[in-house]
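Examining the three-dimensional arrangement
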Amino acid sequence: MQKVKQLFLQNLLEITNNLEYSTDKSSELALLILLFLFGEKSINASPLSTSRKRHLYKTLRELKDGAELKSVYRFFQKTVLPKVIPLLKIHGQLSRSTRQHRKQFILSVDDTSLKVFGKTMEKAKKLHNGKGYFHGYHIVFIGLSLGASFRIPIAFRIYIPDSGVTRPQLAAEMLNELIPLLPITPEVICFDSAYYTQVLNAAISEQRLSWVTKSKSNWKYALTAAAYERLTGQTYLFADVHYSCTLSARELVVWMQAVGITVLRVSRKNIGKLILSYDSGNRVLVSSVPSITANLIRVYYRLRWTIEEIFRVLKQNLSFALVYQRDLVGQALFHALKILGGIWLLCLRYESRTLKNMTFRNTQKTLRKLFTSDSKYGQSPYAELLKYSLLK
């Protein structure tokens, strides 16, 4: 466990150094991230001294005064990228076969809904999440995955319905900012059918990237006469080179399964030429990669689900939904700090063989015990950690 302790302190030093590039309150913010990493529900509920709690609340007020949402997003980006870029450079040095079969580098786009407490939260609206109505808002994420073992969120935006900016537009904005800053380009961008829009397609095409998504079964796709005849056995009179025969995605999958075809070249209005396939659950998968196998489409889309794992960690282990700031900037700042705590936790599990096979809850308990055993001040791990100059 001594190696885990050294790795933890090394990560603490990295985060503190990264925070120094964005603010002069690096030690206070590092302590806040530490609180959320250990699973504290709020500053007031933590075992810190009253004077230190007041100091943290004062720091948050000073940071919020005069700040804008964009400045919070920039602060988050400047803190995350120094951690991500070295990992991507190492990934770029791997052999091509290793990258293709074990360590695919993809970016995932998705959003999660958060229920807020109290109706006076700025910009919170009445939403529905499939189970019922609640008062809250959506947060759009860009998640980074290196195979199935490493995944972290690297960008987020709070979706404000009244602003006139849609969720695909927020995703496009984040991708346009992120892609030029990464040392290597992702293999594909993966997203759900809600983001299958012309806006996001145009942003990805502008970056000369490709994407994989799930299609709704009733969406229409056009195919050439030759492909139509191959599927149905019926002669089509129009020219072979034009995508003029239109069928729904569900109809195409039924015909493909009957004939034994796993991939099919199709076209969709305002999107362009695509590759259509399906998985074992008969989900219709679509990709803009010109030449891609059915198996690779399924692998990419399966990796998209790693972003759901990120949401689960944030909500269950870092109390992501518990934000007591009423103004939008304060909410965004709290979310940024909690996401940074989640990134710290995910990176520790990725870098340590001891923590890799533990659940996230057990990882948090193990980290607390490392700094509680030597403490002379009860069960609080912070008494030991606050001895380090990084948090003073």
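Model, not experiment: these values are computed from the prediction. (Residues numbered from 1 in each chain as written. Predicted model: local features only at pLDDT ≥ 70, side-chain atom pairs only at ≥ 80, totals over all residues. Heavy atoms only, no water.)

Description of the environment of Thr-59
Looking at the element boundaries, Thr-59 is found in helix 3 (residues 50–64). Looking at Thr-59, the relative accessible area reads 1%, which means it is buried. The spatial distance from the C-alpha of Thr-59 to the C-alpha of Glu-28 is 7.4 Å, given a sequence separation of 31 residues. Once residues lying within four places of it in the same chain are set aside, the contact partners of Thr-59 are Lys-25 and Glu-28. (Helix = DSSP H or I, 4+ residues; strand = E, 2+ residues; numbered from the N terminus. Buried < 20%, exposed > 50% of the residue type's maximum accessible area, 1.4 Å probe, protein only. Contact = heavy atoms within 4.5 Å.)

Some details on the nonpolar core
Within soluble globular proteins, side chains that are nonpolar generally end up buried alongside one another. With 119 residues, the main nonpolar core has Phe-8, Leu-107, Leu-144, Tyr-221 and Leu-367 as its most contacted residues. For this core, the element with the most residues is helix 12 (residues 328–351), which contributes 15 residues. Grouped together as the second largest cluster of nonpolar side chains are 14 residues, Ile-106, Ile-275, Val-299 and Tyr-300 included. (Core = buried A, V, L, I, M, F, W, Y, C linked by side-chain atoms within 4.5 Å.)

Section: the pattern of salt bridges
Should their charged atoms come close, side chains of opposite charge can pair. Overall, the coordinates contain 12 salt bridges when judged by the stated rule. Notably, a salt bridge pairs Lys-64 with Asp-327, separated by 3.2 Å at the nearest N-O pair. With Lys-64 in helix 3 and Asp-327 in the loop between helix 11 (306–317) and helix 12, this pair connects stretches of sequence that are 263 residues apart. Relative accessible area serves as the criterion here: at 18%, Lys-64 is assigned to the buried category. Among the salt bridges present, the one from Glu-309 reaches Arg-312, with a minimum N-O distance of 2.5 Å. Within this pair, Glu-309 and its partner Arg-312 are both found in helix 11, separated by 3 residues, close to a single helical turn. Among the charged side chains, a network of salt bridges with common partners joins Glu-14, Lys-83 and Glu-351. (Salt bridge = Lys/Arg side-chain N within 4 Å of Asp/Glu carboxyl O.)

Notes on the environment of Phe-360
Relative to the elements of secondary structure, Phe-360 occurs in helix 14 (residues 360–372). Given the relative accessible area of 6%, Phe-360 is considered buried. Distance from Phe-360 to Arg-349, taken between C-alpha atoms, is 8.5 Å for residues 11 residues apart in sequence. Once residues within four sequence positions are removed from consideration, Phe-360 is found in contact with Arg-151, Glu-309, Arg-312, Val-313, Asn-317, Leu-345, Leu-346 and Arg-349.

These values are about where atoms sit, not about what they do.
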